[in-house]
Amino acid sequence: MKQYIRILSFITLLLTSLASFAQSNGDGWNCFAVLAGKATTIDNSVLLAHNEDDSGEQMINIYNVPANKEKGTNKYIWVEFPGMAVADGFLNEYGVAVVSDACNSREDREDFTDGGVLYQVRESVAKYAKSARHAVEIIGKIVTEKGYTGSGRTYVVADCNQGWVCSVVKGRHWIAQRVPDDMVMSIPNYYTIGEIDLSDTSNFLGSPDIISYAQERGWYNPEKDGKFIFKKVYSNPGTYSSYRNAFRHISAMNYITGENYTLNPDTYPFALKPNRKLGLDDMIQILSSHGENIPDNLIKERKTDSHNECICNDRT
């Protein structure tokens, strides 16, 4: 029953957030996701909510895809944005859901096999994943073997018990972190994973050379930079410092905790403990934010960003 309710919740959130009217601003910093651990919600279910923001009018198709026993694939619900490679959402028969947010990386090398992968990542999760952790393992395997062709992206995956965030970088590097059961994670369009510990396999998975590669490229110097912080090291600096990303992130975090935050993403935790139990209405409220809860002093601080939109905008 819980899985059935969760499927309905997922579809409701998608249908609530899917409509698009105006042209995109072209910066690629559009989508937003929220993932609440099961100990933070009213009914002890994992909740995953996502806004898809894209240019032009969008026609979506929703398919109920049957399982294929001969090919070993799952039954799944597929929300398709025709002609778009990074917008679709999926929910399979094991309760595994996957959505994503563009996260530009600083990687400028191309390292692909057989053309690399892009759309295949989320499709493979729908077809084969039996749990959220399994989904992360599938993503990591595909990215490592073939190389990711986009600049960078964060896949947010959940099942009925766990939620994970899996950030991939152009080429063959990736890192994933489990969202604690008693916390809520929100993400705009930059990487949000901070400190990592690949020895803690219950909570982290990723490329074994994620740190040494950054050192090789000159992105990270442990003597100068101190602790390795994935989001600072691998993010495109312009994306990471975007006021638009910060405003959206602040709006969600404020709603979750009731606290105020600065415009410095270095200070944002990966996930937060909410000040109350959350439900479906709360997830919808976060996704519909136009920045009403952002303090006026932060808006006055904005100097270079011309955007007036928050989480919900005219492309949502």
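Residues numbered from 1 in each chain as written. Predicted model: local features only at pLDDT ≥ 70, side-chain atom pairs only at ≥ 80, totals over all residues. Heavy atoms only, no water.

Undergrad: Would you take a moment to explain the sheet that holds strand S1 (residues 32-36) for this structure?
TA: Note on sheets: strands pair through backbone hydrogen bonds, and any given pair is parallel or antiparallel. Overall, antiparallel pairing links the 3 strands, which are arranged S2-S1-S10 in an open sheet. Two strands in the sheet have a free side with no partner beyond their single neighbour: strand S2 (47-51) and strand S10 (184-187). In this sheet, neighbouring strand axes are inclined to one another by 5 degrees on average, regardless of whether the strands run parallel or antiparallel. Where S1 lies against S10, 4 bridges are found, and the strand directions are antiparallel. If you follow Ala33 over to S10, its bridge partner there is Ile187. Contacts between helix H8 (residues 243-257) and the sheet are confined to S1 and S10, with S10 contributing the most and set at about 160 degrees to the helix. (Pairing = 2+ DSSP bridges. Helix = DSSP H or I, 4+ residues; strand = E, 2+ residues; numbered from the N terminus. Axes fitted to C-alpha atoms, helices over the stretch in contact; angles between N-to-C directions. Contact = heavy atoms within 4.5 Å.)

Undergrad: Is there a simple way to think about the side chain of Asn189 in this case?
TA: Within the secondary structure layout, Asn189 lies in the loop between S10 and strand S11 (204-206). Classification of Asn189 by relative accessible area gives buried; the value is 0%. Within polar-contact distance, the side chain of Asn189 engages the backbone oxygen of Ala102 at 2.9 Å. (Buried < 20%, exposed > 50% of the residue type's maximum accessible area, 1.4 Å probe, protein only. Polar contact = N/O pair within 3.5 Å; in protein donor to acceptor, adjacent residues only side chain to side chain.)

Undergrad: Hey, could you run me through helix H3 (residues 132-146) in this one?
TA: It helps to recall that an α-helix has 3.6 residues per turn; residues three or four apart then point in one direction. The terminal C-alpha atoms of H3 lie 21 Å apart, and with 15 residues this matches the ideal 21 Å at 1.5 Å per residue to within 8%. Buried within H3 we find Ala132, Ala135, Val136, Ile138, Ile139, Gly140, Ile142 and Val143. Residues of H3 that are buried sit in contact with helix H2 (119-128), strand S7 (148-158), strand S8 (163-171), strand S9 (173-179) and S11. (Expected span 1.5 Å × (residues − 1).)

Undergrad: How should the packing of H2 against H3 be read in this particular structure?
TA: Each pair of packed helices gets described by two things: the angle between the helix axes and the distance between those axes. One can describe the packing of H2 onto H3 by two numbers: an axis separation of 9 Å at closest approach and a directional angle of 140 degrees. Comparing the axis directions of H2 and H3 gives the class oblique. Viewed along their axes, H2 and H3 form a crossing whose handedness is right-handed. Seen from H2, the contacting residues are Gln120, Val121, Ser124, Val125 and Tyr128; seen from H3, they are His134, Ala135, Ile138, Ile139, Ile142 and Lys146. When grouped by side-chain class, the residues that make up the contact of H2 with H3 number 7 nonpolar, 3 polar and 1 charged. (Parallel < 35°, antiparallel > 145°, perpendicular 65-115°, else oblique. Left-handed = near helix turned anticlockwise from the far one by under 90°. Nonpolar A, V, L, I, M, F, W, Y, C, P; charged D, E, K, R; others polar.)

Undergrad: Quick question: what am I supposed to make of unusual backbone geometry here?
TA: Despite not being glycine, Asn44 shows a phi value in the positive range, around 60 degrees. For Asn44, the location among the structural elements is in the loop between S1 and S2. Residue classification places Asn44 among the partly exposed residues on the basis of a relative accessible area of 42%. A positive phi angle, near 55 degrees, is found at Asp114, a position not held by glycine. Assignment of secondary structure puts Asp114 in the loop between strand S6 (97-102) and H2.

Undergrad: Help me understand the nonpolar core, please; the structure alone is not making it clear to me.
TA: Soluble globular proteins tend to bury their nonpolar side chains together. Counting 31 residues, the largest nonpolar core has Leu35, Val156, Met185, Ile196, Phe228, Phe230 and Tyr234 as its most contacted members. Residues within four places of Val156 in sequence aside, it is in contact with Ala33, Leu35, Leu48, Ala97, Val98, Val99, Asp101, Trp164, Met185 and Ile187. (Core = buried A, V, L, I, M, F, W, Y, C linked by side-chain atoms within 4.5 Å.)

Undergrad: Can you help me understand the pattern of salt bridges in this one?
TA: Between side chains of opposite charge, pairing is possible as soon as their charged atoms come close. Per the counting criterion, the structure on display carries 13 salt bridges. Beyond isolated ion pairs, a larger network of salt bridges with shared partners links Glu107, Asp108 and Arg217. (Salt bridge = Lys/Arg side-chain N within 4 Å of Asp/Glu carboxyl O.)

Undergrad: Help me out: how do you make sense of the sheet that holds S7 in this one?
TA: Pairing in this open sheet of 8 strands is antiparallel, and the strands run S3-S4-S5-S6-S7-S8-S9-S11 from one edge to the other. With partners counted over all chains shown, the strands left at the sheet margins are strand S3 (61-65) and S11, one partner each. Pairs of neighbouring strands in the sheet enclose a mean axial angle of 15 degrees, with direction left out of account. Across 3 bridges, S9 lies against S11 in antiparallel orientation.

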